[in-house]
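# Coordinates in review
The primary structure of each chain is shown beneath.
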Amino acid sequence: MLGNLPVSSDARVLVDWRTSDDAGVYRLDDGRALVQTVDFFTPIVDDPIAYGRIAAANALSDVYAMGGRPLTALAIAGFPKELERERLTAIFRGGLETLQAADVVLLGGHTVQDPEIKFGYAVTGEVDAQRMWTNAGAQVGDRLLLTKPLGTGVIATAIKFDRAPASAAAAAIASMTTLNRAAAECLRGLPDGSVHACTDVTGFGLIGHASELARASRRTLEIAVRSVPFLDAALDLVEQNTPGGGRANQAYFDTGVVVEGDLDPLRIQLLYDPQTSGGLLVAIAEDALDGAIRALTAAGVTAHLIGTVIAERAEAIVLH
């Protein structure tokens, strides 16, 4: 949508929409920069408090993916006139609980009447301008870490049609309400230069966001499909519950993907699954890998080694 608009020539703009990164970054001085992002969506679970918590975690994630610290948030909501006030209040309460857990201040917001409920936040954070992460710095030999399992899109669809086991629904909600704060703080604590690129896995699925990272970095990513973690029951549910976004992701990104070997097509299908409040995908220097995994594990974050960065090929992604 922004492709035909004039590009800013302000030298203080460090990151904008042109590399499809997670957030914009604007330099304040030699050391500090602002990180800004906005995200909102329709309900993906029935519980209004859980919906609010998920929306907040999802919006904050973009700041964590840049190596930043979120500071303030503005709520954005659309809702039908007939929506019960108690339900709307519960959505906002859930969001506020997550903001408070992240030490983020809610400054206010804006609401409009809309036929369908929509909720989310515009978030402002700060980042060290010399140590921020983008999706454009991956280097050959980097190892790829993923900090959350995939499958929230498929399970959310199954929830809508009462096809999701209670345990699968609970696991998906727990994953979506978990902040990427601990993972980002661990990675920021590593020696300078350890993290070469980072993005969070959201609506475009693992393949989509990995493709953007690969193209922005002018590299190719090799992904070991059997090493990619999935939420419980996601593989069982994917065939009948792939959301429209998953099909759209596969249609759009598939031309940049090559499959090597005999791989389970259902696992490949889940790689395109649109995630809400997904984990971080990190390209990390190989000599920093062991230290990163130890730090993440100590902080309660399960990091999965899923691949390697290789020299650029015609394809953005190689699955094997």
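Quick look at the structure, then. (Residues numbered from 1 in each chain as written. Predicted model: local features only at pLDDT ≥ 70, side-chain atom pairs only at ≥ 80, totals over all residues. Heavy atoms only, no water.)

## A closer look at the overall build of the protein
Keep this limit in mind: Helix and strand assignments follow DSSP, with helices taken as H or I runs no shorter than four residues and strands as E runs no shorter than two, numbered in order from the N terminus. We compute the radius of gyration from the C-alpha atoms alone; for a globule the expected value is 2.2 Å times N to the 0.38, where N is the number of residues. A 1.4 Å probe rolled over the protein chains alone gives each residue an accessible area, and that area as a share of the maximum for its type sets the label: buried under 20%, exposed over 50%, partly exposed in between. The contact definition used throughout considers only heavy atoms, calling two residues in contact when any of these lie within 4.5 Å. Note on areas: Shrake-Rupley with a 1.4 Å probe; residue coverage comes only from the protein chains shown. Neither His nor the chain ends contribute to the count of charged residues, in which Lys and Arg are positive and Asp and Glu negative. For the purpose of locating charges, the reference atoms are NZ of Lys, CZ of Arg, CG of Asp and CD of Glu.
The helix and strand inventory of the protein stands at ten helices and 13 strands. A globule of 320 residues ought to have a C-alpha radius of gyration of about 20 Å, and the protein, at 19 Å, matches this closely. The dimensions of the protein, computed from C-alpha atoms along their principal axes, are 55 × 50 × 45 Å. Burial statistics for the protein: of 320 residues in total, 51% are counted as buried. Partitioning the intrachain contacts of the protein with sequence separation of at least 6 by distance along the chain shows that 86% fall at a separation of at least 24. Total accessible area computed for the protein in this model is approximately 14,400 Å², and 51% of it derives from carbon and sulfur atoms. Taken together, the 26 basic and 39 acidic charged side chains of the protein have centroids lying 3 Å from each other.

## Looking at the side chain of Thr 276
Structurally, Thr 276 can be placed in the loop between helix 9 (265-271) and strand 11 (280-284). Exposure remark for Thr 276: the relative accessible area of 14% places this residue in the buried category. Not counting residues up to four positions away in its chain, the partners in contact with Thr 276 are Phe 41, Ile 44, Ile 54, Asn 58, Thr 152 and Met 176.

## Looking at the pairing of strand 12 (residues 304-311)
Each regular strand carries side chains that alternate between the two faces of the sheet. Test applied: Note on pairing: two strands pair once DSSP finds at least 2 bridges between them.
In this sheet, strand 12 lies alongside strand 7 (residues 143-146) in antiparallel orientation, the contact comprising four bridges. Bridging across to strand 12, Leu 146 finds its partner in His 304. Inspection of the sheet shows strand 9 (residues 219-223) paired to strand 12 by five bridges, in the antiparallel sense. Residue pairing for strand 12: Glu 222 is matched across the bridge by Thr 308.

## Focus: the packing of helix 1 (residues 48-65) against helix 4 (residues 166-177)
Packed helix pairs are specified by the crossing angle of their axes together with the interaxial distance, meaning the distance between the axes. Under the convention used in this document: Geometry is summarised by axes, namely lines fitted to C-alpha atoms with helices restricted to the contacting stretch, and by angles between N-to-C directions that run from 0 to 180 degrees. We call two directions roughly parallel when the angle between them is under 35 degrees, roughly antiparallel when it is over 145, roughly perpendicular when it lies between 65 and 115, and oblique otherwise. For this classification, Asp, Glu, Lys and Arg are treated as charged, while Ala, Val, Leu, Ile, Met, Phe, Trp, Tyr, Cys and Pro are nonpolar and the rest, including Gly, are polar.
It is at 8 Å that the axes of helix 1 and helix 4 come closest, and there the two elements cross at 45 degrees. By the angle class used here, helix 1 and helix 4 are oblique. In this structure, helix 1 contributes Ala 50, Arg 53, Ile 54 and Ala 57 to the contact, and helix 4 contributes Ile 173, Met 176 and Thr 177. When grouped by side-chain class, the residues that make up the contact of helix 1 with helix 4 number five nonpolar, one polar and one charged.

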